[in-house]
Amino acid sequence: MSTPNEPSFRESVDMMFNRAVALMDLPPGLEEKIRVCNATYTVRFGVRLRGQMQTFTGYRSVHSEHMEPVKGGIRYAISVNQDEVEALAALMTYKCSLVEAPFGGSKGGLCIDPREYDEHELELITRRFAYELIKRDMINPAQNVPAPDMGTGEREMAWIADQYKRMNTTDINSSACVTGKPTNAGGIQGRTEATGRGVQYALREFFRDREGVKKAGMTGTLNGKTVIVQGLGNVGYHAAKFLSEEDGCKITGIIERDGALTDPNGLDVEAVRHWIANHDGVSGYPDGFYVKDGSTVLEEACDILLPAALEGVINLGNADRIKAPLIIEAANGPVTAGADNILREKGTVIIPDMYANAGGVTVSYFEWVKNLSHIRFGRMQRRQEEARHQLVVDELTRLSDHLGDAWSMTPDFKEKYLRGAGELELVRSGLDDTMRAAYQSMAAVWHGRDDVDDLRTAAYLVAIEKVAASYRAKGL
Ligand code: NAD
């Protein structure tokens, strides 16, 4: 996607890393240890499909094992390559560190266009890929735990979990070998929406940071802000849906593979998603203006640009034409290092990928903990909490009866207060807390240090410091 004279995705990540470590006081050896990718395993395997053997190439890369297991999604896309997988694995190390998920960084990918295969074929391919990784401990609850990424979802995760169970019949923790599973196969409520939900929480927290909002040259709250989204897949769809339904944002542009839709009055996210599912793209959608060259819509005026598809889409070729004052990197690596320099000079505020899309790994962490503890969150406390709340409500009812017309409870107080938190509420609460705390840690550096003028450098500083502390604690 990026222009030819631009560094690769991995080089871009390294450049951003180098910019941050230049502001730190790390011994050069440790700096190098943290930066490099520990190992990348390439596998080529055959699957008999449609009467003949087809060979596939996949990767699993481990960036840093300062904490184990290492964690990172598996991507299915024809463009997958070693450089990309290594860049994504490095981002996972920094992301987990920033949001305090106790994992090292890893990533996997398979060179395949999943749309070219039916469900049965995809299952055969996924199980074979999983088999190759499992037998080398590259999928393992204690060592390496994948999750969904572009082109994969809960269906693929369920196949991987089942494959692991078949090969490790006595492992009581087998469900924890992969996250992002369906809820009826060991998953957790709120995982599918988690990354988009995290993007929403990140934006809410950004708009609570008055100094940050001012730095972006913006005013007000999220309410009424216009948003252009690229990629209406898992992450983009959930982020756009929640922002429009719950925060009063207007989705004025949706960019997909086959073009883009725009509407200054706001697009109906649910209707567009439905249209894409039935027509394999956005073209022909009746409500909205269709633009054939979708990438030009990235350059249209809006308050918030939300790239949620693939890397390198904002690059040296278009950075100076980007008008949005705020970019939230819902995808991994959508802004190249070169574009990042141009945008920083223009004063554009970028909420970096490492933070913005960390909702996925945060809820994956909750799922992993749930699998290891073998019990659903809230199961022990919920009814007890409700019983205690009932005591308060009974007392307030008595008081209200006593006071007559002078005082009464607000109509929906009783219902809201009585309900103990179930798994979904607890997951959202844990995610919200994580996104707020991580933002605060970045913002303290962004606003507090004269030599840091952007959130990305701040995020790297916070993340690298924690990784370094963990290596130091091991005596390295
Ligand atoms: P997905 O496969 O569900 O969705 C990707 C969407 O982008 C699809 O709708 C696809 O049609 C669209 N798309 C593909 N190429 C495009 C192009 N050239 N122009 C416009 N649209 C295009 O993937 P996802 O899981 O939503 O992941 C999207 C991004 O978010 C990736 O960068 C991924 O690494 C990152 N991410 C995902 C998760 C997760 O939990 N799924 C977590 C963290 C980060």
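Residues numbered from 1 in each chain as written. Predicted model: local features only at pLDDT ≥ 70, side-chain atom pairs only at ≥ 80, totals over all residues. Heavy atoms only, no water.

Asker: How should empty space enclosed by the protein be read in this particular structure?
Answerer: Gaps between atoms show up when a probe of the same size as a water molecule is rolled over them. Enumeration over the complete set of coordinates arrives at one cavity of 30 Å³ or more. Approximately 50 Å³ is the volume found for the largest cavity. Around the largest cavity sit Phe9, Ser12, Val13, Met16, Leu91, Gly333, Val335, Asp353, Arg456 and Tyr460, which together line it. Elements with a minimum of two residues in the lining of the largest cavity: α1 (9-21) and α16 (455-473). Here the lining of the largest cavity is composed, by residue class, of six nonpolar, two polar and two charged. (1 Å grid on protein atoms, 1.4 Å probe; cavity = no way out; pocket = protein on both sides within 12 Å on 5 of 7 lines; lining within 4 Å. Points joined across faces, edges and corners; volume = space filled by probe spheres on them. Helix = DSSP H or I, 4+ residues; strand = E, 2+ residues; numbered from the N terminus. Nonpolar A, V, L, I, M, F, W, Y, C, P; charged D, E, K, R; others polar.)

Asker: When you look at a nonpolar patch on the surface in this model, what are you seeing that I'm missing?
Answerer: Residues Leu399, Leu403 and Trp407 make up a contiguous nonpolar surface patch of roughly 250 Å² in combined accessible area. Considering the arrangement of structural elements, one finds Trp407 in the loop between α13 (382-403) and α14 (413-418). (Patch = residues over 30% accessible without salt bridge, like charges linked within 9 Å, V, L, I, M, F, W, Y side chains within 5 Å. Areas by Shrake-Rupley, 256 points an atom, 1.4 Å probe, with all protein chains shown as cover. Salt bridge = Lys/Arg side-chain N within 4 Å of Asp/Glu carboxyl O.)

Asker: Quick question: what am I supposed to make of the domain arrangement of the protein here?
Answerer: We note that the domain assignment places domain 1 (9-188 + 461-473), domain 2 (194-359) and domain 3 (380-421) within the protein. Each of domain 1 and domain 3 was reduced to a C-alpha centroid, and the two centroids are 47 Å apart. (Domains from an automatic or database assignment.)

Asker: When you look at the site of the ligand in this model, what are you seeing that I'm missing?
Answerer: Taken together, 22 residues surround the ligand, and among them Arg75, Asp149, Thr195, Glu256 and Asn332 come closest. The contact in question runs from an oxygen atom of the ligand to an N or O atom on the side chain of Asn332, over 2.9 Å. For the ligand, whose free accessible area comes to 830 Å², the fraction covered by protein is 86%. Elements represented by at least two residues in the shell around the ligand include exactly α8 (234-246) and β8 (250-256). Class assignment of the residues belonging to the shell around the ligand gives a composition of nine nonpolar, eight polar and five charged. (Near = heavy atom within 4 Å. Polar contact = N/O pair within 3.5 Å; in protein donor to acceptor, adjacent residues only side chain to side chain.)

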